[in-house]
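For reference, the chains in residue letters:
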Amino acid sequence: MAALRIVVSGHVQGVGFRYYAARTARMLDVEGAVWNRADRKVEAVAEHRDPFVVEDFAKRMWDGPGRVEDVQTEPAPGGYSGFEIRRT
């Protein structure tokens, strides 16, 4: 399984970004989680057996609601089942 940690910055909290990420994950059959961070960024972990699907998920974060200014990715540990929106 391939997994990425994705950090999205800009005006991405309070605009439905986590719900956008969850819908995108369901559409691509990606497992993982998404949550708001205290620094006003949104963080997600995305996991799939095909690394190209994980990369596609990360690229789609640029199209989320609000005003995305940057999307950073790095490898992450996997082990998720389903995709959850974590409350903060």
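A. A look at helix α1 (residues 17-28). Its 12 residues give α1 an end-to-end C-alpha distance of 17 Å, which sits within 8% of 16 Å, the value for a rise of 1.5 Å per residue. Those residues of α1 that fall on the buried side of the exposure criterion are Phe 17, Arg 18, Tyr 20, Ala 21, Ala 22, Thr 24, Ala 25 and Leu 28. Those residues of α1 hidden inside the fold are in contact with β1 (2-11), β2 (31-36), β3 (42-48), α2 (51-60), β4 (67-75) and β5 (83-85). Of the residues one or two after α1, Asp 29 is the one with positive phi, at around 60 degrees.

B. Summary view of unusual backbone geometry. Of note in the backbone geometry, Asp 29 takes a positive phi value of approximately 60 degrees without being a glycine. In this fold, Asp 29 is placed in the loop between α1 and β2. Unlike most non-glycine residues, Arg 40 shows phi in positive territory, near 75 degrees.

Parameters at a glance
Residues numbered from 1 in each chain as written. Predicted model: local features only at pLDDT ≥ 70, side-chain atom pairs only at ≥ 80, totals over all residues. Heavy atoms only, no water. Helix = DSSP H or I, 4+ residues; strand = E, 2+ residues; numbered from the N terminus. Expected span 1.5 Å × (residues − 1). Buried < 20%, exposed > 50% of the residue type's maximum accessible area, 1.4 Å probe, protein only. Contact = heavy atoms within 4.5 Å.

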